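# Coordinate inspection notes
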Amino acid sequence: MSHDLDHSSLAVDEGLVSYPAAVVERYRAQGCWAGRSLPDQLAAAFTAHADRVALVTDEVRWTYAELEAEVRAFARGVIATTGLRPGDRVMFQMGNVAETAVTYLGALFAGLVPVCTLAQHGSREIELLARHVGARGLITQADFRDGRLLPIAESLLTDGVVDVVVVVRGGSLAGAADYREIIAAGRDSTELEFDPDLAGVAVFQLSGGTTGLPKVAPRLHEEYAYNARQWAAALGWTQDTTVLYPLPLMHNAGIALALQPTLFAGATIVLAANADIDVILDLFEAEHPNTLPLVPPAVAIRLLEAPRSKNIDFGGIEQFIVGGQKLAIEVARQLRDDLMIDVRQMFGMAEGMFLVTPDGAGEDVRFHTVGSPISPLDEVRIVDPSTGQDLPEGELGELWARGPYTIRGYYRAQQHNSGCFTDGGFYRTGDLARAHRIGGEVYYSIDGRIKDVINRGVEKVHAEEVEELILEHPEVENAAIVAMPDAVLGERVCAYLVMRSGTEALTVDTLGRHLSGLGLAKYKLPERVEVRDSLPLSNVGKVARKELRDEIAGLVRTEQA
Ligand code: AMP
């Protein structure tokens, strides 16, 4: 793919790296960028498909008109009653319920800027991110997993980190606004008038862990809308498409490859409360979805293993797209042989770039690659990361990405940006990939990673973030976090520790209590601890994580043999 566009200078405005003006013009001239805000484009979709079913959960079945009425009521009510103003940034801790779609879309319609934090985040991540983006509000789900989110909201409010909390679905908090009251107030008020700045941030998506300097992806109105439209277009979604989505909706994938493309296509999204296999199979039987835009390999494996699967007809599935993690070829074959599912693959990231298996591809493409970019203007390079030289087809190198919906820099993170983005605006993904020419076309396979991330069933754990917190334990002298292989989740988190002399070794339990006490999300807790007298060092004096990764992989193999 060519990479000769003029991307020379990157505009840096209040810490936000945006697209150079010439590039913006080019993307508009090519018809990718619509010159309209994201809520404006979504409003057009509501009007165009008013009578179709938009959203199904185990509690609601709303048409576009019904969803729009809720969204507009929330938008009007939140501005009329909470003190939030257009331009304010609002964080989320919401599970997969209808109110998540209403509050996210409602925030956009109110001119607020959603910061897509997850219900799975701990108090530490939420507070750090709130401070980093300067969030004024938090929307939280009171009945999520035994009410574990309310204490986080309470401490943020008490400490003055945010000044508005909206509590959704029961529960209450002194000083917080109630979702039902907002909706009721919004039904009576008049339509909002605001004029979003197209160069401003529409949505903040999260990438990476929250070390001292978080990586937050500023997604702009036109490019984020284009991302979703192009995904729907590349996959040929229509009003007859019924999307089943079981992962957290607020994650970039939930918004950019499920909710927003569904709305732009006039399709239906069936939101699963979680990714439990029985929940997914119940929805298969009840709703007959024909499109699964992101199935983690772990879910595909559980589907194969579930006895109930044998009695379900999966023949109506047109798109079963596995992604987020490397798919083993044996799993692809088993899906075909046992469940008659023709698997496709995708690769994507909060920073933008999506690749997907194109329509009609044969097994050589579907089984061995993640396909090709969804936009003809996407540019992918496979590069030797030490020299920056492009590599020939077939050779393993780092995947670099640039295009009409791939960010040019993280928000307020110059230090990360100089390492993660080239001067020409390419994002260095940290993933290792190869280009393959099959039938005259180029497709890519993802074959490794150079970034220190553990991909635990598509949930990402950043080694540095967890190490930093382990080192706050007074008895730990040194620590390294590495991926250990797991048959279902792909990888789990393993901690290598060096204890100070005379102290007792930490265990999975005691280390977990230390990290939870610091407010770290549960999915990031190490599931195995290995204590050593010292850790191997690389020739630049850093812990050689790769050596430890190989060691733990060997240990796991021996134990399983
Ligand atoms: P996120 O920003 O959380 O969506 O994570 C993006 C990262 O997930 C990528 O940079 C890859 O490391 C990983 N990833 C996504 N899709 C795949 C895939 N199909 N195969 C391997 N890794 C993947």
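## Observations regarding the sheet that holds strand S19 (residues 379–384)
- The strand order across the open sheet built from 5 strands is S20-S19-S21-S22-S23, with neighbouring strands paired in antiparallel fashion. Both outer strands of the open sheet, strand S20 (389–390) and strand S23 (441–449), are each paired with one neighbouring strand and no more.
- As paired elements, strand S22 (residues 427–438) and S23 share 8 bridges and run antiparallel to each other. For His436, the partnering residue across the bridge sits in S23 and is Tyr443.

## Details of the side chain of Asn417
- Along the chain, Asn417 turns up in helix H14 (residues 414–420).
- The class for Asn417 is buried, based on a relative accessible area of 7%.
- Setting aside chain neighbours within four positions, we find Asn417 in contact with Val17, Gly409 and Tyr410.

## Side note on the pairing of strand S27 (residues 490–499)
- Here S27 lies mainly inside the structure; 8 of its 10 residues are buried.
- Pairing between strand S26 (residues 476–486) and S27: 10 bridges, direction antiparallel. Each residue of the ladder has a partner; that of Ala480, found in S27, is Tyr496.
- Here S26 hands over to S27 after 3 residues, the two strands then running antiparallel side by side.
- The β-α-β motif built from S27, the intervening helix H16 (residues 508–517) and the parallel element strand S28 (residues 528–531) has right-handed crossover chirality.

## A word on the pairing of strand S3 (residues 53–56)
- Looking at chain direction, S3 and strand S4 (residues 61–63) are connected through 3 bridges and run antiparallel. Counted as the bridge partner of Val56 is Arg61 from S4.
- The antiparallel pairing of S3 with S4 creates a hairpin that spans 4 residues between the two strands.
- Alignment of S3 against strand S13 (residues 268–271), held across 2 bridges, turns out to be parallel.

## With respect to the site of the ligand
- Taken together, 16 residues lie near the ligand, and Met346, Ala350, Asp431, Lys451 and Lys460 sit nearest.
- Between the ligand and the protein, one listed contact pairs an oxygen atom with a side-chain N or O atom of His251 at 3.3 Å.
- With respect to the ligand, the backbone of Lys326 contributes an N or O atom lying 3.5 Å from a nitrogen atom.
- Starting from 500 Å² of accessible surface for the ligand in isolation, the protein chains cover 89%.
- The element that contributes the greatest number of residues to the shell around the ligand is strand S16 (residues 343–349), accounting for 4 residues.
- Looking at the shell around the ligand, its residues break down into 6 nonpolar, 6 polar and 4 charged.

## Here's the deal with the pattern of salt bridges
- Scanning all chains against the criterion turns up 43 salt bridges.
- In this structure, Arg180 and Asp178 form a salt bridge, with 3.2 Å as the shortest nitrogen-oxygen distance.
- Several salt bridges converge on common partners, so that one network encompasses Arg456, Glu459, Asp486, Arg492 and Glu527.

## Here's the deal with unusual backbone geometry
- A positive phi angle is found at Arg145, which is not glycine, with a value near 35 degrees.
- Residue position: Arg145 is located in the loop between strand S7 (137–141) and helix H6 (150–158).
- A positive phi angle, near 65 degrees, is found at Arg169, a position not held by glycine.
- Looking at where Arg169 falls in the secondary structure, it is placed in the loop between strand S8 (164–168) and strand S9 (177–178).

## Observations regarding the side chain of Thr429
- Locating Thr429 in the fold gives a position in strand S22.
- Exposure remark for Thr429: the relative accessible area of 1% places this residue in the buried category.
- Residues within four places of Thr429 in sequence aside, it is in contact with Met349, Glu398, Leu399, Ala401 and Lys451.

## Overview of the nonpolar core
- Ranked by size, the top nonpolar core spans 133 residues in total, and within it Leu38, Leu67, Tyr104 and Trp231 carry the most contacts.
- No other element matches helix H9 (residues 252–265), which puts 9 residues into this core.
- Leaving out residues up to four positions away in the same chain, Leu38 has contacts with Tyr104, Leu108, Ala202, Val203, His221, Tyr224, Ala225, Gln260 and Phe264.
- Within the second largest apolar cluster, 30 residues are counted, among which are Leu283, Leu304, Phe320 and Leu339.

## Remarks on the domain arrangement of the protein chain
- Here the domain parsing of the protein chain yields domain 1 (64–221), domain 2 (275–449) and domain 3 (453–560).
- Each of domain 1 and domain 2 has a C-alpha centre, and these two points are 30 Å apart.
- On the domain 2 side, the residues contacting the 15 residues of domain 1 number 13 residues.
- Taking both partners together, domain 1 and domain 2 bury about 1100 Å²; carbon and sulfur atoms supply 57% of that area.
- Ranking the residues of domain 1 by area buried against domain 2 places Leu213, Lys215 and Arg219 at the top, with a combined share of 42%.
- If you look at where domain 1 meets domain 2, you find 7 residue pairs in polar contact (both at pLDDT 80 or more).
- Contributions of two or more residues to the side of domain 1 that touches domain 2 are made by helix H5 (123–133), strand S10 (201–207) and strand S11 (215–220).
- Per-element tally for the side of domain 1 that touches domain 2: the top contributor is S11, with 5 residues.
- Looking at the side of domain 1 that touches domain 2 residue by residue, the classes come out as 8 nonpolar, 3 polar and 4 charged.

## Brief notes about the sheet that holds S26
- Here we have 3 strands laid out as an open sheet, ordered S26-S27-S28, and mixed in their pairing. If you trace the sheet from one side to the other, it starts and ends with S26 and S28, each paired once. Strand-to-strand twist across the sheet, computed as the mean angle between neighbouring axes with direction ignored, equals 25 degrees.
- Where S27 meets S28, 4 bridges bridge the pair, whose relative direction is parallel. From the neighbouring strand, Tyr496 faces S28, where its bridge partner is Glu530.
- This element, helix H15 (residues 463–470), spans S26 and S27 of the sheet and lies at about 145 degrees to S26.

So, how was this worked out
- Residues numbered from 1 in each chain as written.
- Predicted model: local features only at pLDDT ≥ 70, side-chain atom pairs only at ≥ 80, totals over all residues.
- Heavy atoms only, no water.
- Pairing = 2+ DSSP bridges.
- Helix = DSSP H or I, 4+ residues; strand = E, 2+ residues; numbered from the N terminus.
- Buried < 20%, exposed > 50% of the residue type's maximum accessible area, 1.4 Å probe, protein only.
- Contact = heavy atoms within 4.5 Å.
- Right-handed = clockwise from strand over helix to strand, strands pointing away.
- Near = heavy atom within 4 Å.
- Polar contact = N/O pair within 3.5 Å; in protein donor to acceptor, adjacent residues only side chain to side chain.
- Areas by Shrake-Rupley, 256 points an atom, 1.4 Å probe, with all protein chains shown as cover.
- Nonpolar A, V, L, I, M, F, W, Y, C, P; charged D, E, K, R; others polar.
- Salt bridge = Lys/Arg side-chain N within 4 Å of Asp/Glu carboxyl O.
- Core = buried A, V, L, I, M, F, W, Y, C linked by side-chain atoms within 4.5 Å.
- Domains from an automatic or database assignment.
- Buried area = accessible area lost by both parts, 1.4 Å probe.
- Axes fitted to C-alpha atoms, helices over the stretch in contact; angles between N-to-C directions.

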